[in-house]
Amino acid sequence: MVKLTDQEFLELTGFVHKNYGIDLSKKRILIEGRMSNMLMANGFSSFRQYLDFLYADKTGNEITLMLNKLTTNYTYFMRENEHFDFLIERVLPFFERTRTNHTLYIWSAACSSGQEPYTMAMAIDSYFGAKKKSWNTVILASDISMNVLEKAHKAVYTAEEIKDLPPQWKSKYMVDLKDGTFRVCDTIRKEVVFRRINLMDSFKFKNKFDLIFCRNVMIYFDAPTKETLINKFYDWTADSGFLFIGHSESLNKEATRFSYLQPAIYQKRGGK
Ligand SMILES: C[S@@+](CC[C@H](N)C(=O)[O-])C[C@H]1O[C@@H](n2cnc3c(N)ncnc32)[C@H](O)[C@@H]1O
């Protein structure tokens, strides 16, 4: 096992925090546990050697590999299903009345391996049914980790991974590959566009979003990082648009410009 010195630990966690907003200050054992084998396999006998190599790599590949090791990508279909109920019962009927151009821009920010944006696309398709053809709905799904984006793009999941999907959605939207795995059908796949986006960067999009999901990633960020991110989300949310966050997360009600609707659901109502 390659051990971190105090200095290396401070340097590595400072670097990750500054560039990616992720707070690893209490994760010394996790870092050693997850990275030690990779260091040894690549001939590094200390984190010092590895950090110098990391800084010298201008391709960004090494940083991606490191983030793949250190971030938690846990996710599943229908996670926090109250959000999908709210989407179907409140958000989509609201937009059906108000978005006369029949266009919706949606963002799954920190989508991990794709279960979240695909669940959104299934909810939207099942809500609109035959009317879906007259709607242009675009779901941008992004993450910092290329590993998870690759899996998301393939859209192949095991029977265990899709067990929480409602049976009708399973039979309508998942193609049985007859080898114990299932692929999300083309109709749903083509609704989702994947991109690598670091939530710490400034955002540049063509359109503002009607709905942003940013769930179970801000728990890794400290308060100022989170506040900056929420402000960027606000600026990129269309008027009357919604923000869904994880149920174990919360926004500072005094500080945020979003209006609170119910746990983990906010709306941009303007005038605040
Ligand atoms: C626990 S998963 C959450 C997935 C999904 N939103 C959910 O709730 O199930 C957290 C994801 O955040 C991503 N992440 C961490 N830091 C990030 C950053 N600075 N920018 C973009 N994504 C980040 C990780 O790669 C990981 O896939």
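Criteria and cut-off values
- Residues numbered from 1 in each chain as written.
- Predicted model: local features only at pLDDT ≥ 70, side-chain atom pairs only at ≥ 80, totals over all residues.
- Helix = DSSP H or I, 4+ residues; strand = E, 2+ residues; numbered from the N terminus.
- Rg over C-alpha atoms; globule rule 2.2 N^0.38 Å.
- Buried ≥ 20, exposed ≤ 12 C-beta atoms within 10 Å, placed from the backbone.
- Contact = placed C-beta atoms within 7 Å.
- Axes fitted to C-alpha atoms, helices over the stretch in contact; angles between N-to-C directions.
- Parallel < 35°, antiparallel > 145°, perpendicular 65-115°, else oblique.
- Left-handed = near helix turned anticlockwise from the far one by under 90°.
- Nonpolar A, V, L, I, M, F, W, Y, C, P; charged D, E, K, R; others polar.
- Pairing = 2+ DSSP bridges.
- Near = placed C-beta within 6 Å.
- Domains from an automatic or database assignment.
- Expected span 1.5 Å × (residues − 1).
- Arc of directions from axis to C-beta.

Student: In this structure, what is going on with the overall build of the chain? I would like to understand it.
Tutor: Check the secondary structure of the chain and you find ten helices and ten strands. In terms of C-alpha radius of gyration, the chain reaches 20 Å, essentially the compact-globule figure of 19 Å for 272 residues. In terms of principal-axis extent, the alpha carbons of the chain reach across some 60 × 55 × 30 Å. For the chain, buried positions account for 35% of its 272 residues. Restricting to contacts in the chain with at least 6 residues of sequence separation, those with at least 24 account for 73%.

Student: In this structure, what is going on with the packing of helix α5 (residues 82–98) against helix α6 (residues 115–128)? I would like to understand it.
Tutor: When two helices pack together, their arrangement is given by the angle between their axes and by how far apart the axes lie. Across the interface, α5 lies against α6 with an axial gap of 10 Å and an inter-helix angle of 40 degrees. Taken together, α5 and α6 sit at an angle that is classed as oblique. Judged by the twist between their axes, the crossing of α5 over α6 is right-handed. For the pair α5 and α6, contact is made by Phe-84, Leu-87, Ile-88 and Leu-92 and by Thr-119, Ala-123, Ile-124 and Tyr-127, respectively. A class-by-class count of the residues in the contact of α5 with α6 yields seven nonpolar, one polar and no charged.

Student: What exactly am I supposed to notice about the sheet that holds strand β4 (residues 174–176) here?
Tutor: In a beta sheet, neighbouring strands are held together by backbone hydrogen bonds and run either parallel or antiparallel to one another. Strand order in the open sheet made by the three strands is β3-β5-β4, with antiparallel pairing throughout. Two strands close off the open sheet at either side, each with one partner strand: β3 (156–158) and β4. Recorded for the sheet is a direction-independent mean angle of 35 degrees between the axes of neighbouring strands.

Student: How should the environment of Thr-256 be read in this particular structure?
Tutor: The topology assignment puts Thr-256 in the loop between β8 (237–245) and β9 (259–262). Note on Thr-256: 18 C-beta atoms within 10 Å, which makes it partly exposed. Among residues more than four places away in sequence, those in contact with Thr-256 are Ile-230 and Leu-251.

Student: Would you take a moment to explain the sheet that holds strand β7 (residues 209–214) for this structure?
Tutor: An order of β6-β2-β1-β7-β8-β10-β9 is seen for the seven strands of this open sheet, with the pairing classed as mixed. Bordering the open sheet on either side are β6 (192–196) and β9, each of which pairs with just one other strand. The average angle at which neighbouring strand axes cross in this sheet is 20 degrees, direction not considered. Relative to β6, strand β2 (residues 136–143) runs parallel, the two sharing five bridges. Across the sheet, Ser-142 pairs through a bridge with Arg-195, a residue of β6. Against the sheet, α5 touches β1 (103–109), β7, β8 and β10 (265–267), its axis set at about 175 degrees to β8. Strand contacts of α6: β1, β2, β6 and β7, with the helix running at about 165 degrees to β2, the strand carrying the most contacts.

Student: So what exactly am I meant to see when it comes to unusual backbone geometry here?
Tutor: Both trends apply: most residues other than glycine have a negative phi, and most peptide bonds are in trans. Not every positive phi belongs to a glycine, and Met-78 is a case in point at roughly 65 degrees. Summarising the element assignment, Met-78 is placed in the loop between α4 (61–70) and α5.

Student: Would you take a moment to explain the pairing of β8 for this structure?
Tutor: Within a regular strand, the side chains alternate between the two sheet faces. Pairing geometry for β7 and β8, over five bridges, is parallel. Along β8, the bridge assignment pairs Ile-212 with Leu-243. Across three bridges, β8 lies against β10 in antiparallel orientation. For Leu-243, the partnering residue across the bridge sits in β10 and is Tyr-266.

Student: How should the site of the ligand be read in this particular structure?
Tutor: Contacts to the ligand come from 24 residues, most closely from Thr-75, Ala-110, Ser-112, Ile-144 and Asn-216. For the shell around the ligand, the residue count by class is ten nonpolar, ten polar and four charged. Each of domain 1 (6–70) and domain 2 (82–267) contributes no fewer than three residues to the shell around the ligand.

Student: Please clarify how helix α1 (residues 6–20) should be interpreted in this entry.
Tutor: An α-helical segment advances 3.6 residues per turn. Residues three or four places apart therefore align on the same side. Taking 1.5 Å of rise per residue, the 15 residues of α1 would be expected to cover 21 Å, and the 21 Å separating its terminal C-alpha atoms lies within 8% of that figure. Looking only at α1, the buried set comprises Leu-12, Thr-13, Val-16 and Tyr-20. Around the axis of α1, the buried residues are gathered within 90 degrees of arc, so they sit on the same side. Exposed side chains of α1 directed beyond 90 degrees from the buried face belong to Asp-6, Gln-7, Leu-10, Gly-14 and Lys-18.

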